[in-house]
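Survey of secondary and tertiary structure
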Amino acid sequence: MLDSVSALPNASEVPRHIAIVMDGNGRWAKSRFKPRFLGHKQGVDTLVNTVLACADRGVEYLTVFAFSSENWKRPNDEVSGLMSLVLLAVSKYLGVMNKNGVRVRIVGDRTDIAAHVKEAWDHAESGTQHNTRITLSVAFNYGGRWDVVQACQRAIRAGISADDLDEATLSRFMALSHAPDPDLFIRTGGEVRISNFLLWQTAYSELCFSDCLWPEFGEAELDAALAEYARRDRRFGAIKEPQAVELPLVR
Ligand code: FPP
């Protein structure tokens, strides 16, 4: 779990890409005797504040889990509440995104999404496509396993042969092909799991888990995660110091 912030990281230690599982909206609402929808609504405001705070700190990509492939199992009124939030969020915040140089991308399976929700997402994407300060990717009807399967399907349809299919090639077909892999993965709400988020892309992400409920996630919590990230020693499976003696590779 995260400590409170002690020192802010310097620019070279700022992650290029942060991925967030925004968990805890329901508990936040319940603790205030409010319907769960109001937790999600507050969560949209937190998301907007977070993307602006990330941009201020030099983060180039923020990817958030807004609606998972599994969230259809929730009660109908919560699902339709989350869908209606898309329209509300786009109409309320598109101007703020543009004013602050935020490019919005939607990643996920669009096949089962209602036409008016898809139109709102298309409007957000096309209306912000020339912004360059930070890219906000909203994972909506997204699942990490879905992403791997759809990437394989698209690679096969593009005529990539089994012999030509390697990690770099498959990455080109993944839903987040417009972004580098996340350096830092944050989950709020106290649960310590990935929940089918970016399974392929988080292979070497640094994982941070916070007890903070998403609607209460603010700059102090973001800075605590950035400070924790700056303390991590990233080796990507290698070792840091070169070996004094090069031994022959034994397979
Ligand atoms: C998990 O909290 C959160 C979600 C399933 C939805 C997250 C969505 C938002 C923050 C809104 C973003 C929406 C748009 C349109 C950009 P939970 O409901 O599982 O919380 P709990 O664990 O406390 O019940």
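Higher on the page you've got the structure.
To keep things clear, this report deals only with the structure shown in the data block. (Residues numbered from 1 in each chain as written. Predicted model: local features only at pLDDT ≥ 70, side-chain atom pairs only at ≥ 80, totals over all residues. Heavy atoms only, no water.)

Sheet architecture is open: 6 strands sit in the order β3-β4-β2-β1-β5-β6, paired in parallel fashion. At either margin of the open sheet sits one strand with a lone partner, and together these are β3 (102-107) and β6 (206-209). Across the sheet, the mean angle from the axis of one strand to that of its neighbour is 20 degrees, orientation sign disregarded. Across 7 bridges, strand β2 (residues 61-68) lies against strand β4 (residues 134-142) in parallel orientation. From the neighbouring strand, V64 faces β4, where its bridge partner is V138. (Pairing = 2+ DSSP bridges. Helix = DSSP H or I, 4+ residues; strand = E, 2+ residues; numbered from the N terminus. Axes fitted to C-alpha atoms, helices over the stretch in contact; angles between N-to-C directions.)

A few words now on the nonpolar core. Counting residues in each nonpolar core, the largest one holds 48 residues, and the members touching the most others are I18, L62, W121, L136 and F140. Among the elements that make up this core, the one with the highest residue count is helix α3 (residues 76-99) (10 residues). Residues in contact with F140, not counting those within four places in the same chain, are A66, F67, M83, V86, I106, V107, G108, D109, I113, V117 and W121. A19, V21, V107 and F185 belong to the second-largest nonpolar core, a separate cluster that totals 12 residues. (Core = buried A, V, L, I, M, F, W, Y, C linked by side-chain atoms within 4.5 Å. Buried < 20%, exposed > 50% of the residue type's maximum accessible area, 1.4 Å probe, protein only. Contact = heavy atoms within 4.5 Å.)

Taken together, 17 residues surround the ligand, and among them D23, G26, R27, R36 and R74 come closest. Backbone polar atom of G24 to an oxygen atom of the ligand: 3.3 Å apart, as the coordinates give it. Here an oxygen atom of the ligand sits 3.2 Å away from a polar atom, N or O, in the main chain of N25. Protein coverage of the free-state accessible area of the ligand, which is 620 Å², stands at 91%. Of all the secondary-structure elements, those providing two or more residues to the shell around the ligand are α1 (25-30), α2 (36-56) and α3. (Near = heavy atom within 4 Å. Polar contact = N/O pair within 3.5 Å; in protein donor to acceptor, adjacent residues only side chain to side chain. Areas by Shrake-Rupley, 256 points an atom, 1.4 Å probe, with all protein chains shown as cover.)

So, on to the pairing of β4. Most of β4 sits inside the fold, with 9 of its 9 residues counted as buried. Note that β3 and β4 share 6 bridges and pair parallel. Residue V102 lies in a different strand from β4, and its bridge partner there is I134.

Let us now look at the side chain of N131. Locating N131 in the fold gives a position in the loop between α4 (115-128) and β4. Polar contacts involving the side chain of N131 include one to the main-chain carbonyl oxygen of V102, which spans 2.9 Å. Those residues in contact with N131, other than ones at most four positions away along the chain, are M97, N98, G101, V102 and R103.

Attention shifts here to unusual backbone geometry. The phi dihedral of F33 falls on the positive side, at around 55 degrees, and the residue is not glycine. Judged by relative accessible area, which is 80%, F33 ranks as exposed. Phi is positive for S195, which is not a glycine, with a value near 55 degrees. The topology assignment puts S195 in the loop between β5 (184-187) and β6.

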